[in-house]
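Tertiary structure, described
Listed below are the residues making up each chain.
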Amino acid sequence: MEDKELLEKFAQPESRNMAFNQLVRKYQEKIYWHIRKMVIDHDDADDLTQDVFLKVWKNLDNFRQDAQLYTWIYRIATNECLSFLSSKKRKFFLPLNDVTAELMEKVEASPELAGDEVQMKLQKAILRLPEKQRLVFNMKYFDEMKYEEMSEILGTSVGALKASYHIAVKKIEEFIKRD
Amino acid sequence: MKKEVKLSDIPRRNPYQVPEGYFDRLPMRVMERTAAREQEQVAWLPNLWRPLRLAMAPLLLLLLVFVGVFYYSMTAGQEKQLMNLARVSDTEIVDYLSAYTTIETTDFAELNTLREQELPADVLNVSATAAEEELEYYNLNNIDY
């Protein structure tokens, strides 16, 4: 179902639930993986994904249709991720490095990466990037998103995003080389 | 010397996994939470600002105590009045009314407005002497004109 049709059906009380169910099915994987790559832990990603869709449910009536629905949902997900990581730092009075160290431990304990040394190094290198640069890298490298869409989600100019991605790639290659 | 690494040489893949059937269950779990949210919105009290709710509790309690005390004192006073009245004998009541009851100007006004047919026959046929005796019976000193 197209986004426009989903929104029309969501606006009608009798088809509201059905339309929202379709919307969740359509975007759940993209949103989950976007979050999971930022917070690493499945349970955290699960909670945040549900929170994102609850916010979508609450605010979908106010969604302005001049933006694309999926960039709007991505934007909510991105904000949720950044808020979660910030709250983690505030909650435990942790400096940024300690949060990164915690995420690294989760990557090292991840059974999916066991035995794959190159992937392990890559994931650990990605985690060493600053949060916003990590977002940019993930969206371009894994999600293969266009810079224009990323610009809409992150509220940053296309030029700045290109530069940020280029620097992120160089840093990652350097981290892997040194690791 | 460490070997030069190129990101493009590394296979691009998602290294993480989810529990089996996770994406089949997720929409239902989200829908359950939206339904719960809708119910929360209907219940207005839980949505009130928490400090306001905490402040309302003792105020409400105080109001209930005040209403309770006021109601108790009102009903107790009424019962006491009725009990005192029950103790007064009929003779005492008749004596009191004979000694203190006065005829008001309004009583005359009411009497004048009555139509003849509404008055009982013994009143209409009363003689002038009997009427004077009847008037003498009342204490007229305190009549306020």
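Residues numbered from 1 in each chain as written. Chains lettered and ligands numbered in written order. Predicted model: local features only at pLDDT ≥ 70, side-chain atom pairs only at ≥ 80, totals over all residues.

A few words on the overall build of chain B. Each helix and strand counted, chain B has seven helices and zero strands in total. The secondary structure elements of chain B, listed N-terminal to C-terminal, are α-α-α-α-α-α-α. Here chain B holds 145 residues, and 2% of them are scored as buried. (Helix = DSSP H or I, 4+ residues; strand = E, 2+ residues; numbered from the N terminus. Buried ≥ 20, exposed ≤ 12 C-beta atoms within 10 Å, placed from the backbone.)

Residues and elements named next belong to chain A. Contact geometry for helix 2 (residues 16-39) and helix 3 (residues 42-59): axes closest at 9 Å, N-to-C directions at 140°. By the angle between their directions, the pair helix 2 and helix 3 is classed as oblique. Crossing of helix 2 against helix 3: the hand is right-handed. Residues Phe 20, Val 24, Gln 28, Ile 31, Tyr 32, Ile 35, Arg 36 and Val 39 of helix 2 pack against His 42, Asp 44, Ala 45, Leu 48, Thr 49, Val 52, Phe 53 and Trp 57 of helix 3. (Axes fitted to C-alpha atoms, helices over the stretch in contact; angles between N-to-C directions. Parallel < 35°, antiparallel > 145°, perpendicular 65-115°, else oblique. Left-handed = near helix turned anticlockwise from the far one by under 90°. Contact = placed C-beta atoms within 7 Å.)

On to the confidence of the model for chain A, then. Taken residue by residue, chain A gives an average pLDDT of 90. The fraction at 70 or more is 96%. The element-level mean pLDDT for chain A is lowest in helix 5 (residues 96-108) of chain A, coming to 79, with helix 3 of chain A highest at 96. (pLDDT = per-residue confidence, 0-100.)

Residue and element names in this part refer to chain A. Put simply, helix 7 (residues 131-141) and helix 9 (residues 158-178) touch, their axes get as near as 9 Å, and they point 90° apart. Considering the angle they form, helix 7 stands roughly perpendicular to helix 9. Along the contact surface, helix 7 presents Gln 133, Val 136, Phe 137 and Lys 140, while helix 9 presents Leu 161, Ser 164, Tyr 165 and Ala 168. Classifying every residue of the contact of helix 7 with helix 9 gives five nonpolar, two polar and one charged. (Nonpolar A, V, L, I, M, F, W, Y, C, P; charged D, E, K, R; others polar.)

Take helix 2 of chain A next. In the structure, helix 2 of chain A departs most strongly from a straight axis at Tyr 27 of chain A, where the bend amounts to approximately 50°. Among the residues trailing helix 2 of chain A, Ile 40 of chain A stands out with phi positive, at a value near 65°. (Bend = angle between axes of the 7 residues up to and from the residue.)

The UniProt record annotates "transmembrane region" (unreviewed entry) at residues 54-74 of chain B. Span residues 54-74 of chain B is 100% helix and 0% strand, its end C-alpha atoms 31 Å apart. (UniProt positions renumbered as here; feature names shortened; annotations may be inferred.)

Of note, Lys 171 of chain A is situated in helix 9. Spatially, the C-alpha atom of Lys 171 of chain A lies 7.8 Å from that of Leu 129 of chain A, the residues being 42 residues apart in sequence.

Residue and element names in this part refer to chain A. In this model, Ile 40 sits at a positive phi of 65°, which is unusual for a non-glycine residue. If you trace the backbone, Ile 40 turns up in the loop between helix 2 and helix 3. Judged by the 20 C-beta atoms lying within 10 Å of it, Ile 40 is buried. Positive phi, normally seen in glycine, also occurs at Glu 144, with a value near 50°. Here Glu 144 is to be found in the loop between helix 7 and helix 8 (147-154).

Residue and element names in this part refer to chain A. Take Arg 75: it is sitting in helix 4 (residues 69-91). Judged by the 16 C-beta atoms lying within 10 Å of it, Arg 75 is partly exposed. Sequence separation between Arg 75 and Ile 153 is 78 residues; the distance between their C-alpha atoms is 4.9 Å.

All names here are of chain A. On the secondary structure map, Trp 72 appears in helix 4. Taking C-alpha positions, Trp 72 is 8.4 Å from Glu 152, a pair spaced 80 residues apart along the chain. Residues within four places of Trp 72 in sequence aside, it is in contact with Phe 63 and Ala 67.

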